[in-house]
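Chain by chain, the residues:
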Amino acid sequence: MRSHYCGDLNESHIGQQIELYGWAHRRRDHGGVIFIDLRDRNGIAQIVFDPDTVEAFAQAERVRSEFVLKITGLVRARPEGTTNDDMPTGQVEVLGKNLEVLNASETPPFPLDGYTDVGEDVRLNYRYLDLRRPEMQEKLILRSKITSSIRNSLDQQGFLDIETPILTRATPEGARDYLVPSRTHPGSFFALPQSPQLFKQLLMVSGIDRYYQVAKCFRDEDLRADRQPEFTQIDIEASFIEEDEVMSITEKMVRQLFTQVMDVDLGDFPKIPYSEAMSRYGSDKPDLRNPMELVDVDDLMRQVEFKVFNGPANDPEGRVAALRVPGGAKLSRKDIDVYTKYVSIYGARGLAYIKVNKLEDGLEGLQSPILKFIPDEIVTQLIERTEVEDGDLIFFGADSAKIVNEALGQLRVKLGIELELLTKEWAPCWVVDFPMFEKNNDGNWTSLHHPFTAPTCSPEELVKDPGAALSQAYDVVLNGTELGGGSIRIHQAEMQNAVFEVLAIDDEEAQDKFGFLLDALKYGCPPHGGLAIGLDRLVMLMTGASSIREVIAFPKTQTAACVLTSAPSPVEDKQLKELNVRVRKPVEADKPKD
Ligand code: ASP
């Protein structure tokens, strides 16, 4: 039986006979002495074989990379001058007495003993080997510590871990469903859950009071961004609870997690109303490590004749905002061109700027192609309002509020990173007071969260002016990434019906899709609310991984496939027949665009 993990050996084990199991990470033949770096889940230990131990030495000679070995030996201090301070086990080595090759290995398709730039396809194809790499193991270990800390915190806070079905009905979280044909109900389909939303609400009706689940969710979205079709949520719901309480339970959980796993004190999470987040940061997931803010200058620009500015400044849907960039005066014309191109992705038609070289010199100390269009006294007010200093630059956005927010909001993020302006390592916050609805492209209302989110107003007010209604929803944001969100739910049928009315879901459709929920609301449903945190994204932030696929053991590719198992795959006709499914050859127009 294993006596120690390789990675755990240290000076306290010197003199002990030990038994190790692992993989040959590297083998070096040093003229008469053979070194094998043996690797297991916890790290690497150096084993030395000298020719005196004849049998073990002979075995060591045939060892190649990734052979599976059992080794017994004696822990000893490394001879002076051969210690390795970069290696946790670098002060000791094991003098090998016995070596058993438990299994040989073919030469792996990519080396595992050091960083090599292997294509992701190859890594995913041989994921079981990729996961042997120490950096991948570290991520999975950290992920396990993270879920364990979260479970502990929720257990301590009185939450019960309850599973909800995977074969279920559609849950409206705004994505496309994965469907599973039913054999026993020909022509009918299950949907995989986009979230456990409705079941967790039903558990509140059942009196469970506090529920959580580390829940798998499925959303068939186009994977343009760093997303996965199946992902994991920490899903939480509680009864007799208000917004602040859900937020404080979550904060406690996340703070404890960061202290336990990373030794980081996140401090308090500031609460920022949605409208303020949009106006100060141009985003509903502001990165508060970044000190820059958007400053409204509509009132000033209304007074200038320059169309580019006064048009949007006078338009109720428009916005003119300034972004002070500390140290930005050093940006070259070429840099500014690159940023101008960048904001054009978000629809901005230009990127006006003023460089502040020397305030003491008044207008002479400024440099900008737009100064000639703006009266001096307005320029002076701009300088005061943006609180610029020598060496700064001001960028301007002038367009519809939507375009300005997106363009300057994204520019703020980019500049913060590129000009190294971030002031701290971690900056969490809550965004609160979201609107209930937003208009989609056809001019119809859709829920900003989901249709079970409670508004702050009465059903009558909601129906009368849906655009003005705020919700009792909250998002938790870390370093500009939305970690998760939730809301207080509607617990009375009258309010739920009012929301369906705004969303143009008629009684028949509501009954058909959510009849079970509407019924449950009639049988003493307690006030309740909750939230869900995206575990994969959280782990990604905590491990500093470059992609969400790096923190999932077996992720899907960008085209939502598993290359390892070749899924999805065609199935036999017999299976289709049993399911009463006939497959139509996809015509070109139906194929999803990559
Ligand atoms: N069901 C929501 C989601 O998956 C989270 C929640 O409202 O609790 O985004």
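Residues numbered from 1 in each chain as written. Predicted model: local features only at pLDDT ≥ 70, side-chain atom pairs only at ≥ 80, totals over all residues. Heavy atoms only, no water.

## Some details on the site of the ligand
Thought 1: All residues in the neighbourhood of the ligand are listed as Glu173, Ser195, Gln197, Lys200, Arg219, Gln233, His450, Gly485, Gly486, Arg489, Leu531 and Ala532.
Thought 2: Take Gln233: an N or O atom from its side chain is 3.0 Å from an oxygen atom of the ligand.
Thought 3: Within the contact set of the ligand, an oxygen atom lies 2.9 Å away from a side-chain nitrogen or oxygen of His450.
Thought 4: At the level of secondary structure, the elements contributing two or more residues to the shell around the ligand comprise helix 5 (197-205), strand 21 (481-488) and strand 22 (528-534).
Thought 5: Across the shell around the ligand, the residue classes break down as two nonpolar, six polar and four charged. (Near = heavy atom within 4 Å. Polar contact = N/O pair within 3.5 Å; in protein donor to acceptor, adjacent residues only side chain to side chain. Helix = DSSP H or I, 4+ residues; strand = E, 2+ residues; numbered from the N terminus. Nonpolar A, V, L, I, M, F, W, Y, C, P; charged D, E, K, R; others polar.)

## Topic: the nonpolar core
Thought 1: Core analysis: the biggest nonpolar cluster contains 62 residues, and Ile146, Ile150, Leu154, Phe258, Leu462 and Leu538 have the highest contact counts within it.
Thought 2: Here the element with the most residues in this core is helix 6 (residues 243-262); it accounts for eight residues.
Thought 3: Apart from the residues within four sequence positions on either side, Leu462 is in contact with Met436, Phe437, Pro455, Cys457, Ala469, Met495, Ala498, Val499 and Val502.
Thought 4: Val320, Ile370, Ile374 and Val388 belong to the second-largest nonpolar core, a separate cluster that totals 24 residues. (Core = buried A, V, L, I, M, F, W, Y, C linked by side-chain atoms within 4.5 Å. Buried < 20%, exposed > 50% of the residue type's maximum accessible area, 1.4 Å probe, protein only. Contact = heavy atoms within 4.5 Å.)

## Structural notes on the pattern of salt bridges
Thought 1: All told, the structure shown has 36 salt bridges when counted by the stated rule.
Thought 2: We note a salt bridge from Arg349 to Asp399, for which the minimum N-O separation is 3.0 Å. Of the two residues, Arg349 is situated in the loop between helix 10 (333-344) and strand 14 (352-356) and Asp399 in strand 16 (residues 393-400); the sequence distance between them amounts to 50 residues.
Thought 3: Residues participating in the shared-partner salt-bridge network are Arg123, Arg127, Asp130, Arg133, Lys139 and Glu550. (Salt bridge = Lys/Arg side-chain N within 4 Å of Asp/Glu carboxyl O.)

## A few points about helix 16 (residues 535-543)
Thought 1: By the burial criterion, the buried members of helix 16 are Leu535, Asp536, Leu538, Val539, Met540 and Met542.
Thought 2: Contacts from the buried residues of helix 16 go to helix 4 (134-156), strand 9 (210-218), strand 10 (230-239), helix 6, strand 21 and strand 22.
Thought 3: Immediately downstream of helix 16, the backbone of Gly544 shows phi near 70°, a positive value.

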